[in-house]
Amino acid sequence: MNSFSVIYKNNVVAIFLVGVVTLLSVTNAKPATFLQDFRVTWSDSHIKQLDGGKGIQLLLDQNSGCGFASKSQYLFGRVSMKIKLIPGDSAGTVTAFYMNSDTDQVRDELDFEFLGNRTGQPYSVQTNVYAHGKGDREQRVNLWFDPAADFHTYSILWNHHHVVFSVDEVPIRVYKNNEAKGLPFPKVQPMGIYSTLWEADDWATRGGLEKIDWNKAPFYAYYKDFDIEGCPAPGPSACASNPTNWWEGTGYQQLDAVAARRYRWVRTNHMVYDYCTDKQRNPVTPPECMDGI
């Protein structure tokens, strides 16, 4: 074998090994294990790691609920996780997945709240948006599948243009950046990612008419495939304003035709409450409700 052949062969092997290492690192980067990105915030005894930390079990009983939070805060990006909700009679329970700035007077928050049901009734998911301390923007959708039968992916996309709440890549809520009209939009405060399982039978199911049945306890919810992509804070100051971040790309600045069609389908067939059309609470339609998607 001549010297050129040896060099060529060695280079091919080196490139192959680099490719394998790169592939492995990308493959293993997501989804993260629970403790890579999260910590238990309350009732450690009620959160159990599964499958080497790739998944977790949350437990609610008469002693306590539980919760966890991301170790870092983020400014723009996307967070998603797969959740399997409480099966059977889950009335009075709330499983929440949300982002929060952890500030009091000028809180920013993006909420998924899964509201328990009596057996056989549809599971509802309530979304809410707090911007610069102003909330009261609840919308509720009845899920079109049984979220306790299997895992489904719930995600929040947050960029300079809008916030999009999605279920299995189907958008169910869009909150647009209408700062040009003088409306607040969360874009300054980084937010952490949180989740809780707790008792809320004073309001969660049929406005509090359906109480939690502790004979059915303990209640379990399951999570896996934790995926956070965003600008960590503190971090490089230029990250959050970088237009080349994938979540700021033109394909994510508004819903494409397929996503818009799915969004309208959800709103037409599965929406059960919208603060925008609640004339008792809002005799004048809030201005952010006038702008579509």
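The structure presented is a predicted model; accordingly, all values stated were derived computationally and were not measured.

**Q** Even after reading the chapter, I still don't get the UniProt feature "glycosylation site" (unreviewed entry) in the protein chain, so can you show me in this structure?
**A** Taken from the UniProt record, the annotation "glycosylation site" (unreviewed entry) applies to Asn117. Following the sequence through the fold, Asn117 ends up in the loop between β7 (109-115) and β8 (124-130). The class of Asn117 is buried, set by a relative accessible area of 7%.

**Q** Got a minute to help me understand the state of the cysteines in this structure?
**A** Think of a disulfide as a covalent bridge from one cysteine sulfur atom to another cysteine sulfur atom. By the definition in use, this model includes two disulfides. Here Cys231 engages in a disulfide with Cys239; their sulfurs sit 2.0 Å apart. Across the disulfide from Cys231 to Cys239, rotation about the S-S bond amounts to roughly -80°, and the bridge is consequently left-handed. Here the bonded cysteines of the protein chain are numbered in sequence order, and their pairing is 1-2, 3-4.

**Q** Help me understand the sheet that holds strand β5 (residues 73-84), please; the structure alone is not making it clear to me.
**A** As a general point, the strands of a sheet are linked pairwise by backbone hydrogen bonds and lie either parallel or antiparallel. Taken together, seven strands build an open sheet; the order of strands is β2-β3-β14-β5-β10-β11-β12 and the sheet is antiparallel. Bordering the open sheet on either side are β2 (47-50) and β12 (170-176), each of which pairs with just one other strand. Within the sheet, the average angular offset between the axes of one strand and its neighbour, ignoring direction, is 20°.

**Q** Can you walk me through the layout of surface pockets in this structure?
**A** Empty space among the atoms can be located by rolling a probe the size of a water molecule over them. Estimates place the volume of the largest pocket at around 340 Å³. Along the wall of the largest pocket there are 17 residues; nearest its centre are Ser166, Glu169, Tyr252, Leu255 and Ala259. For the lining of the largest pocket, the secondary structure elements donating two or more residues are β10 (152-158), β11 (162-167) and α3 (257-269). Across the lining of the largest pocket, the residue classes tally to eight nonpolar, five polar and four charged. Of the pockets and cavities examined, the second largest pocket occupies roughly 240 Å³. For the second largest pocket, the lining is made up of 14 residues, of which Gly116, Pro122, Ser124, Thr205 and Arg206 are closest to its centre.

**Q** Explanation requested: the environment of His162 in the structure shown.
**A** Tracing the backbone shows His162 in strand β11. Taking the relative accessible area as the measure of exposure, His162 reaches 2% and is therefore buried. For His162 and Tyr175, which are 13 residues apart along the polypeptide, the C-alpha to C-alpha distance reads 5.5 Å. For His162, the contacting residues outside a window of four places in its chain are Leu157, Val174, Tyr175, Lys176, Asn177, Phe185, Tyr252, Gln253, Gln254 and Leu255. Among the polar contacts listed, one links the side chain of His162 to the backbone oxygen of Tyr252, at a separation of 2.8 Å.

**Q** Got a minute to help me understand α3 in this structure?
**A** Residues three or four positions apart in an α-helix share a direction because the helix packs 3.6 residues into each turn. If you check α3, its first and last C-alpha atoms are 18 Å apart, about what 13 residues at 1.5 Å a residue would give, namely 18 Å. Among all positions of α3, only Ala259, Ala260, Tyr263 and Val266 are buried. For α3, the angular spread of the buried residues around the axis is 125°, confining them to a single face. Residues of α3 that are exposed and angled more than 90 degrees away from the buried face: Ala257, Arg261 and Thr268. Considering only its buried residues, α3 is in contact with β9 (139-142), β12 and β15 (271-274).

**Q** Is there a simple way to explain empty space enclosed by the protein in this structure?
**A** Within this structure, the stated rule accounts for one cavity of 30 Å³ or more. Taken as a whole, the largest cavity spans an internal volume of roughly 50 Å³. Every residue lining the largest cavity is listed: Tyr74, Phe76, Gly77, Arg78, Val79, Met99, Ile156, Trp158, Ile193, Ile228, Glu229 and Gly230. Breaking the lining of the largest cavity down by element, the ones donating at least two residues are β5, β10 and β14 (219-233). For the lining of the largest cavity, the leading source of residues is β5, giving five residues. Looking at the lining of the largest cavity residue by residue, the class counts come to eight nonpolar, two polar and two charged.

How each quantity is defined
- Residues numbered from 1 in each chain as written.
- Predicted model: local features only at pLDDT ≥ 70, side-chain atom pairs only at ≥ 80, totals over all residues.
- Heavy atoms only, no water.
- UniProt positions renumbered as here; feature names shortened; annotations may be inferred.
- Helix = DSSP H or I, 4+ residues; strand = E, 2+ residues; numbered from the N terminus.
- Buried < 20%, exposed > 50% of the residue type's maximum accessible area, 1.4 Å probe, protein only.
- Disulfide = S-S within 2.5 Å.
- Pairing = 2+ DSSP bridges.
- Axes fitted to C-alpha atoms, helices over the stretch in contact; angles between N-to-C directions.
- 1 Å grid on protein atoms, 1.4 Å probe; cavity = no way out; pocket = protein on both sides within 12 Å on 5 of 7 lines; lining within 4 Å.
- Points joined across faces, edges and corners; volume = space filled by probe spheres on them.
- Nonpolar A, V, L, I, M, F, W, Y, C, P; charged D, E, K, R; others polar.
- Contact = heavy atoms within 4.5 Å.
- Polar contact = N/O pair within 3.5 Å; in protein donor to acceptor, adjacent residues only side chain to side chain.
- Expected span 1.5 Å × (residues − 1).
- Arc of directions from axis to C-beta.

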